[in-house]
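Overview (structure and organization)
Below are the chains, spelled out letter by letter.
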Amino acid sequence: MGLKSIGIDLFKSVINESKENPDLLDSYSLNQFKSKENLLHHISKLELINPHIVILGSWYGSILIPALVDQAEHITCIDIDDRVIAIAKNRLLKKYKNIDFICSDVFDSKRKSRIKNSNLVINTSCEHMSNMSELPALYKSNAYFAFQSNNMYDIPTHMNCVASIDEFYSQLPDNATVIVEDEIEDDRGIRYTLIGKLCAE
Ligand SMILES: C[S@@+](CC[C@H](N)C(=O)[O-])C[C@H]1O[C@@H](n2cnc3c(N)ncnc32)[C@H](O)[C@@H]1O
């Protein structure tokens, strides 16, 4: 699983869409590429075959979807913001047939079975929501997980940053075993990565 290219059609859609939604360009910043490519590198080592992937707080799916879509059996994007879901679903990524876009709080119990039954749960938005230890679906899951958070406390929408990788560990459900931990320097702080496996209780 890797990021070979994003494709000229997607590039054109991004330029067009970003006229009205400038935060779309932020999702393709060099910092975003650095952290997502690092995550993808670690995910590739898991050697998952045709996984069902769920992305929590998926935002526009800008980098992860093009990188993962060809190798995944299916991808579910869940985001609470109907604006980003609509743009990703109806404009940016509409050519992909193996993606479901769901506008929802990831903690909504209606999302439990989809998350529980996936093979890989990705959340690069951990700083935007409550701890993953508070997500019941993860305790019933045998999936791999790939989570990122950061120490960028001064960004107003960040409600749950961590100051260290140890603090990020403390946000995991207690049925999680970590395989890889990593830290990536960003212009604005440090991004923390934890990759591992859940074991259903
Ligand atoms: C700014 S974006 C992505 C930031 C992240 N650092 C990254 O690079 O992927 C954070 C996303 O999380 C979503 N989000 C926050 N809380 C959520 C929740 N409880 N359920 C679903 N999506 C959520 C927001 O709507 C937003 O699209």
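For the structure itself, look to the data block above.
Just so it is clear, the structure is predicted and the values come from calculations on it, not from any experiment.

Brief notes about the site of the ligand
- Lining the immediate surroundings of the ligand are 16 residues, of which Gln32, Lys36, Asp79, Thr124 and Glu127 lie closest.
- At 3.0 Å, a side-chain N or O of aspartate 105 approaches a nitrogen atom of the ligand.
- More than half of the atoms of the ligand fall within 2 Å of the grid points belonging to the largest pocket.
- Its residues assigned to classes, the shell around the ligand comprises four nonpolar, six polar and six charged.

A few points about the layout of surface pockets
- If you add up the space inside the largest pocket, you get close to 860 Å³.
- For the largest pocket, the lining is made up of 38 residues, of which Gly57, Trp59, Ser125, Glu127 and His128 are closest to its centre.
- Elements supplying a minimum of two residues to the lining of the largest pocket: α2 (23-26), α3 (30-44) and α5 (82-92).
- Residues belonging to the lining of the largest pocket are distributed by class as follows: twelve nonpolar, 16 polar and ten charged.
- Roughly 230 Å³ of internal volume is contained in the second largest pocket.
- Forming the boundary of the second largest pocket are 14 residues, of which Asp9, Leu10, Leu92, Lys95 and Tyr96 lie nearest the centre.
- Looking at the lining of the second largest pocket, the elements with two or more residues in it are α1 (8-17) and α5.
- A per-element tally of the lining of the second largest pocket places α1 first, with four residues.

As for the environment of asparagine 123
- Considering the arrangement of structural elements, one finds asparagine 123 in strand β4 (residues 120-123).
- Exposure remark for asparagine 123: the relative accessible area of 0% places this residue in the buried category.
- Counting along the chain gives 23 residues from asparagine 123 to alanine 146, while the straight-line C-alpha distance between them is 6.4 Å.
- Residues within four places of asparagine 123 in sequence aside, it is in contact with Leu56, Met129, Met132, Ala146, Phe147 and Gln148.

Overview of the nonpolar core
- Residues Ile65, Ile75 and Ile122 are the most contacted members of the largest nonpolar core, which totals 34 residues.
- Counting residues per element, the ones that place at least two in this core are α1, α3, β1 (52-56), α4 (64-68), β2 (74-79), α5, β3 (99-103) and β4.
- Broken down by element, the residue count for this core peaks at five residues, all from α5.
- Not counting residues within four places of it along the chain, the set of residues in contact with isoleucine 122 comprises Leu39, Ile43, Ile53, Val54, Ile55, Leu56, Leu64, Leu68 and Ala146.
- In terms of nonpolar packing, the next biggest core, distinct from the first, is built from 24 residues, Leu56, Val121, Cys126 and Ala176 among them.

Quick word on the sheet that holds β1
- The strand order across the open sheet built from seven strands is β3-β2-β1-β4-β5-β7-β6, with neighbouring strands paired in mixed fashion. Two strands lie at the open edges of the sheet, namely β3 and β6 (176-186), each paired on one side alone. Neighbour-to-neighbour, the strand axes of the sheet open up by a mean angle of 15 degrees, direction not taken into account.
- Alignment of β4 against strand β5 (residues 144-150), held across four bridges, turns out to be parallel. By the bridge assignment, isoleucine 122 is partnered in β5 with alanine 146.
- Its contacts with the sheet put α3 on β4, β5, β6 and β7 (189-198), and the angle it makes with β7 is roughly 20 degrees.
- Its contacts with the sheet put α5 on β2 and β3, and the angle it makes with β3 is roughly 160 degrees.

Calculation notes
- Residues numbered from 1 in each chain as written.
- Predicted model: local features only at pLDDT ≥ 70, side-chain atom pairs only at ≥ 80, totals over all residues.
- Heavy atoms only, no water.
- Near = heavy atom within 4 Å.
- Polar contact = N/O pair within 3.5 Å; in protein donor to acceptor, adjacent residues only side chain to side chain.
- 1 Å grid on protein atoms, 1.4 Å probe; cavity = no way out; pocket = protein on both sides within 12 Å on 5 of 7 lines; lining within 4 Å.
- Sits in = over half its atoms within 2 Å of the grid points.
- Nonpolar A, V, L, I, M, F, W, Y, C, P; charged D, E, K, R; others polar.
- Points joined across faces, edges and corners; volume = space filled by probe spheres on them.
- Helix = DSSP H or I, 4+ residues; strand = E, 2+ residues; numbered from the N terminus.
- Buried < 20%, exposed > 50% of the residue type's maximum accessible area, 1.4 Å probe, protein only.
- Contact = heavy atoms within 4.5 Å.
- Core = buried A, V, L, I, M, F, W, Y, C linked by side-chain atoms within 4.5 Å.
- Pairing = 2+ DSSP bridges.
- Axes fitted to C-alpha atoms, helices over the stretch in contact; angles between N-to-C directions.

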